[in-house]
Amino acid sequence: MDENRANINWFPGHMKVTQRLIKENMSKVDLVIELIDSRIPFSSRNPLLANLINNKPRIVALGKSDLADSNVSDMWVKYISKTEKTLAIAVNCKNAKSVKAVVSVVKKALAGLIKHKTNKGMVGRAPRVMIVGIPNVGKSTLINSLAGKNKAKAENRPGVTTNKQWVSVDGVVDLLDMPGTLWHKFEDPKVGLNLAYIGSIKDSVFDIEYVAMNLLEYLHKNYNSKLIERFNVDLSDVNEPFEKLEAVGRSRGMLIKGGEVDTERAAITVLEEYRSGKFGKITLEMPPNIED
Ligand SMILES: Nc1nc2c(ncn2[C@@H]2O[C@H](COP(=O)(O)OP(=O)(O)OP(=O)(O)O)[C@@H](O)[C@H]2O)c(=O)[nH]1
Ligand SMILES: [Mg+2]
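Residues numbered from 1 in each chain as written. Chains lettered and ligands numbered in written order. Predicted model: local features only at pLDDT ≥ 70, side-chain atom pairs only at ≥ 80, totals over all residues. Heavy atoms only, no water.

*Asks:* What is the right way to read the coordination of the magnesium ion (ligand 2) from this model?
*Replies:* Around a metal, the idealised angle for a tetrahedral arrangement of four donor atoms is 109.5 degrees; for an octahedral arrangement of six donor atoms it is 90 or 180 degrees. Protein-derived coordination of the magnesium ion (ligand 2) comes from Ser-140 (OG) and Thr-161 (OG1), at a distance range of 1.9 to 2.2 Å. Taken together, the residues Ser-140 in helix α6 (residues 139-147) and Thr-161 in the loop between α6 and β5 (165-169) connect sequence positions 21 residues apart. Here Thr-161 falls in the buried class, since its relative accessible area comes to 17%. (Donors = N, O, S within 2.8 Å, 3.2 Å for Na, K, Ca; no water. Helix = DSSP H or I, 4+ residues; strand = E, 2+ residues; numbered from the N terminus. Buried < 20%, exposed > 50% of the residue type's maximum accessible area, 1.4 Å probe, protein only.)

*Asks:* Explain the environment of Gly-63 to me, please; I cannot follow it from the model alone.
*Replies:* Inspection of the secondary structure puts Gly-63 in strand β2 (residues 58-63). What makes Gly-63 buried here is its relative accessible area of 0%. For the pair formed by Gly-63 and Pro-41, sequence separation is 22 residues and the distance between their alpha carbons is 9.3 Å. Not counting residues up to four positions away in its chain, the partners in contact with Gly-63 are Leu-35, Ile-36, Asp-37, Ser-38 and Val-91. (Contact = heavy atoms within 4.5 Å.)

*Asks:* What am I meant to see in the site of ligand 1 here?
*Replies:* Residues in close proximity to ligand 1 total 22 residues, the closest being Asp-66, Cys-93, Lys-139, Thr-141 and Gly-159. Note that an oxygen atom of ligand 1 is positioned 3.0 Å from one of the side-chain N or O atoms of Lys-64. Within the backbone of Cys-93, an N or O atom sits 2.7 Å from an oxygen atom of ligand 1. Protein chains shield 92% of the accessible area of ligand 1, which is 660 Å² for the free molecule. Applying the majority rule of atoms within 2 Å of the grid points places ligand 1 in the largest pocket. Tallied by class, residues from the shell around ligand 1 come to 7 nonpolar, 9 polar and 6 charged. (Near = heavy atom within 4 Å. Polar contact = N/O pair within 3.5 Å; in protein donor to acceptor, adjacent residues only side chain to side chain. Areas by Shrake-Rupley, 256 points an atom, 1.4 Å probe, with all protein chains shown as cover. 1 Å grid on protein atoms, 1.4 Å probe; cavity = no way out; pocket = protein on both sides within 12 Å on 5 of 7 lines; lining within 4 Å. Sits in = over half its atoms within 2 Å of the grid points. Nonpolar A, V, L, I, M, F, W, Y, C, P; charged D, E, K, R; others polar.)

*Asks:* Would you explain helix α8 (residues 208-222) in this entry?
*Replies:* Helical geometry note: an α-helix holds 3.6 residues per turn, so side chains three or four residues apart project in the same direction. Over its 15 residues, α8 runs 21 Å from end to end, which matches the ideal 21 Å to within 8%, given 1.5 Å per residue. The buried fraction of α8 amounts to 11 of the 15 residues, a majority that puts the element mostly inside the structure. (Expected span 1.5 Å × (residues − 1).)

*Asks:* How should the domain arrangement of the protein chain be read in this particular structure?
*Replies:* Accessible area lost upon the coming together of the parts is a frequently used measure of interface size. Under the domain assignment used here, the protein chain contains domain 1 (13-177) and domain 2 (207-275). Each of domain 1 and domain 2 has a C-alpha centre, and these two points are 35 Å apart. (Domains from an automatic or database assignment.)

Following this line, the structure appears as structure tokens:
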């Protein structure tokens, strides 16, 4: 791997502010939903969150499940539930039925607290739930779906939510939306690449052609039939990753003056089509094997 081009370390100052915000508000909530991405359940977990969440009851939700291989998501749900003894669920945050299942899991996680309050004859405030996760993972979308209305701004780019925001669900539960947060150093460059593939890091801060050609390399190795279907070109005889990007661009007629391929445009296309699921449901990380 080319060290310089692979080196994605993007940590703007506001991420530190977000971490402080999470820490400061932790004592105000009863439960945390850690939202990760079903396509990269390992790389999309901010390692700093465990510390910030500490002993607070927690659910792990694997979002954008509609873009991932559902068999692999099931394996991840089992793996996380078993190894962390926590409730885990795969969810399509844009789908009402799927989000309903999250409500059941939230109720299950809060059952002890609710029972305790009822036994003590306490009415008091509604339970509070904080939603945390990396940028662009779908936190605000999940909150809007849970609330049944668009209260939180959600857009397809990282860094949309810039401050905390409470959204009340008919007095039944109060949800706390948070800005997305990354961590300052990706120990494994693959983690940085995975985050770039799914659109959690701003495209403007990394080498987009390098990222796209690595994704192409992965898709070629593991899902070549889907690539052929999509781009109408078989990359099996193309050795160099950059040449693969050129072949894809050429096949789509992305040429500039002199007949050269517009590889930047090709890179944007590869990333955009992967992110929106146009290659199909593709998970990039498998869980480690566990005994049943
Ligand atoms: N296909 C699919 N798209 C989703 C899902 N959840 C969210 N999205 C899309 O992902 C994009 C980002 O969603 P947001 O809710 O703004 O993400 P966020 O985590 O709040 O992002 P920041 O506020 O920037 O940290 C939007 O285009 C959503 O429509 C999902 O489960 N499936
Ligand atoms: Mg948001």
